[in-house]
Each structure stands twice: as C-alpha cells, then as structure tokens.
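Residue strings, one per chain:
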Amino acid sequence: MSTKRIALRTISLFFALLIGATAISCGSDGTPETTTAANTSEQTTAVDDSRVQDNLPDLDLEGQTINILIRDEMAYEFNTEQTGELMDDVVYERNQSVSERFNVNINYISAPGNWANKDTYQSLINTAVMANDNVYDIVTGQSNIIIPLAVQGMFYDCANSQYIDYSKPYWKDGFFENVKINDRVYVLGGDFAISMLSASNVIFFNKDLMDEYQIEYPYDLVRNGTWTVDKFLEMVEIATNDLNGDGIMDENDLFGFCGYNNSINPFFYGSELSYMTEGEDGKRVIDFPNEKAIDLFDKFSAFCKSDNFCDASKAYSSTPQLELEMSRTFANNNHLMIGMKLEFITELRDMNSDFGVVPYPKYDEAQEDYHVSILRTFTVASIPLSASDYETGCLILEAFASDGYNNIIPAYYEVALKDKYSRDDGTIEMLDIISGATWFDFADAFSTDLGISDYFSGYVMAGQSNLVSAFESQRTSLQTKLDKLYESFEE
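Caption draft 1: Broad picture of the packing of helix α10 (residues 229-239) against helix α12 (residues 291-305). The interhelical angle for the contact between α10 and α12, taken along N-to-C directions, is 10°, at an axis separation of 12 Å. In terms of orientation, α10 and α12 fall into the roughly parallel class. Along its contact with α10, which presents Val229, Asp230, Phe232, Leu233 and Val236, the element α12 presents Leu296, Lys299, Phe300 and Phe303. Partitioned by chemical class, the residues of the contact of α10 with α12 number 7 nonpolar, no polar and 2 charged.

Here it is as structure tokens:
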C-alpha cells in the first residue's frame, strides 16, 4: 500500500472523530442542530495530529495580486463568501488564510468553462499566452479542456518546482504518473479542488430494493475484497423485473442497473485494465487486448443487450439532464443500482428509500485493490507561460492543495454524511475507500488527443462481437496519435 494511501487511512480517523463529535438532529423548523461532545480538548488534539503540513517557506509577497482563471460552473471550488454554509465558509477561509500567510491578493476571473464552452475557454488561455499577456497567473478548468493545451505547449513545466511537493497526499500520485511525458508535468491535479473527489465514479444502490429481493448490501463484499464484476452482474439480474408483466421493459419496470457511457467505462478502469502500458524506455506502448479484456468485453456486451441494463442515453435526454433523470428514477425505485459521479448524492437527499454508495467492482478476487476512476470533468490547474512569476503560482497551488486536504475535503465528507447518510454506518468507510482508490489512466488523461478512452463503453453498448478484429482496425491510427503526442512533448 502506498504512503499516500496510508495517509488517506489516517484521514479517516479525522472523519470519524468529526462525525462522532457532532451529532446531527433537526429542530422544529428543520434546521440542523449540532451537539458538541464534552471532551473537546482530546478530540482537537486527535484532529490536529491527522493534519498534513506543507513545507512552504515563510514568504512576504508584499501585496502581490494573483489572478486565477476559474470556470463559472465550478466557481464554488475557489471563490465563495461567508454564507453560513459549511462548504462556502471553508473555501472562503482557505482563501483568507493563504492571502494572509503570504501577503497576497487573490483575484478570481470567471468564465463559462463547461464542455459546451470548450473552444471559448481554451481561447482565453491561448490568446493570453500567444500575446504574452500576464492576465492569468494560474488557470484552472475541466481536465479534458486544459490538458489538450498542455499538448500545445501553453504551460510551465512544474515537474521540478521548488514548491510543489509531490510526496504529499494532497497531490494525486496516479494523476502525475499518467500526465507526465518525457519527465515534464504541465498540469496539476490535487486537493486544491473538491471535484477531484466529487467527480469520482461510484455506484449507488437502493437498500430497500435489496431488502425486498433479499440481496446483501455490497458493503461487506467491498470490505472482504469480494465485490467483483461477477457479483455485480449476479445482483442486477436478480432484481430486474417486468413489474406489470407486459413483456416490455420500460419506465414502469425495475432495472438492475441504469447508466450511460460514462457509467460503463468505470467497469473497465475498475478492472485494472488499460489500453497502454509503460515500455522499457518509459514510453507508453499499445498493449491491448489481452485475455482479461476480452472476457470483460464479452460479459458487458451481453449485459448491455439484456433487460438488466437501462441505457439512460436512450431512455432520457442528453447530459446533464440525463444524470438528473437517472437520479429521479433511482429515487422512484426504478433501478437497483445506478452509476454516476459522487456529487450527485445531493440529488438523492429527498429519496424516501434508503441508499448506499460503493466503488465500482474489481474484475475478480485476485485483483488486490479497487480502482476508482474520475470523470474528466474534474478540475486541474496549470501555470500559463505568459504568467509573470511561475513559481509563485506553484506556491499558491501547493498552499491551496494542503488546505484542501486538511479542511475542505473533511468538510465535504460532513456535508455528504448529513440527512440519509448520517444513519449509514458504512458510509465513512466506503468514502474513505473511494478516496484512497483513485485511479488515473494515461489514455483517459489524453483522451482528446488519443481518442480511445471511451472505447469500452462504445464497443459494449454497440453490441459488437469480436474485440480483437474491431480493435485491430484502429491500431495503426492510435499508434500515429500516440507518436504525435510524444513528439509534442519533445519540443
């Protein structure tokens, strides 16, 4: 187990103490009331012991202004006011703390930055760099929008920054391993942004339906290492039911699993599969398919054709409305399980039936660890070449990530554990496993340039029948794209 994963286990102590110290109940007006345990001093000591200190020096930047580009849709990750809401307040306090610590003014510049605004958002950064305009000291954004700009040479190489300490648990080591090419790191991913956790791909399950169909909750399976693809497929088949007996599976019936392409791909990464591996010279080489991949593809090709699967992309409208519809129908007991980002837990707060959350299953019991992929909407950060001071930007991001790990991530756990989750003894443990099992893939990180990361969902949902021949028809094109990607990092 890596040192970072051990550190994440240490953090779970903090979460347990946090929840144990605060008993949540509702007053007559429905407002949460908190009762703090009497032994405050002992718990404070335990919490402080779980913090991870950064190694940043004491610097006075003399009131320098740091301009940070953020996207409107995720502005709450960075730019908030004190509102009395926990997440708003901890982000606000992070900004104030960093500003005072280094005597800097942090100025946020916000613009629409979702996939629909990809070209405009990229243009803001491209224009600044090409004109050598230092309007941004740091740029943040959706990973599959920012990483392609790294390929174009827009950013500072942070690999050897004097301030970024990659050994710290607030930086995702798996992320750096998969965005580093030729020992260069142009994009940072870590706990400076809550979406590194909230965009995790997870499976929600309906406890009431599992009770009705006498299916065991997956919690013990996860703990015992027996939560596998075969077990998942077995469960969803048991629960699938043509409730009205009309011979047609539709919104009036019960599906074992509901999802769309972004719900299917995590089964591939959860099975510890990749399209490429690292060769002897450190470069990635195409290493696909193998026997394990063929078996998984065959199983899910059959699954996606079966009544056990509700294809949300056909049943509902486009994303993000699609995910809201999945949340609604899950809450209405139409699905035993759904696959979505962790952040959609907020859409289930009013669900009458009880529910739980688990990581995606392993391929089999021989696989040592669970692997939780993160949807490519999570936030990353880079230092544009037009910035006035590259290392100052790295300094601020290191401080942001450190504070995020110690304060903002724990606050997110507390928010997630309220309401329904406050009654679920397995939640802290499952969220800790999910956080500690973060898994990144090289082909997924460079999805825009390689165009292969969604191959699994595209293949199995299309009902193709021969993986080897289907992939071989794309191998030459993929190799050309891979060679071009490495060439872009050699210049």
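Text resumes after the structure shown.
Caption draft 2: Main features of the sheet that holds strand β6 (residues 201-206). Read from one edge to the other, the open sheet built from 5 strands follows the order β10-β7-β11-β6-β12, with strand pairing classed as mixed. Strands at the two margins of the open sheet, each flanked by one partner only, are β10 (309-311) and β12 (355-358). Sheet twist, expressed as the mean angle between neighbouring strand axes with direction ignored, is 25°. Where β6 meets strand β11 (residues 335-341), 5 bridges bridge the pair, whose relative direction is antiparallel. Counted as the bridge partner of valine 202 is methionine 340 from β11. Seen against the sheet, helix α11 (residues 261-270) touches β6, β7 (255-259), β10 and β11 and runs at an angle of roughly 100° to β7.

Caption draft 3: Expanded view of the environment of isoleucine 70. Within the element layout of this structure, isoleucine 70 appears in strand β3 (residues 64-71). Given a relative accessible area of 1%, isoleucine 70 falls into the buried group. For the pair formed by isoleucine 70 and glutamine 142, sequence separation is 72 residues and the distance between their alpha carbons is 9.5 Å.

What counts, and at which threshold
- Think of each chain on its own: its residues are numbered from 1, step by step along the sequence as written.
- Since the coordinates come from a predicted model, pLDDT governs what is reported: local features require at least 70, and pairs of side-chain atoms require 80 or more to be given and counted, while whole-chain, interface and lining totals use all residues.
- The basis for every side-chain value is the complete set of heavy atoms in the structure, and neither hydrogens nor water enter the calculation.
- Angles here are taken between N-to-C directions and fall from 0 to 180 degrees, while the axes themselves are lines fitted to C-alpha atoms, restricted in helices to the stretch in contact.
- Helical segments are the DSSP runs of H or I of at least four residues, strand segments are the runs of E of at least two, and each set is numbered from the N terminus.
- Angular relationships are summarised with four words: roughly parallel below 35 degrees, roughly antiparallel beyond 145, roughly perpendicular across 65 to 115, and oblique for the angles in between.
- Residue contacts are counted whenever heavy atoms from the two residues lie within 4.5 Å of one another.
- Classes in brief: Ala, Val, Leu, Ile, Met, Phe, Trp, Tyr, Cys and Pro nonpolar; Asp, Glu, Lys and Arg charged; the others, Gly included, polar.
- Note: two strands are recorded as paired if DSSP finds a minimum of 2 bridges between them.
- Exposure is judged per residue with a 1.4 Å probe applied to protein chains only, and the accessible area is read against the type maximum: over 50% gives exposed, under 20% gives buried, and values in between give partly exposed.

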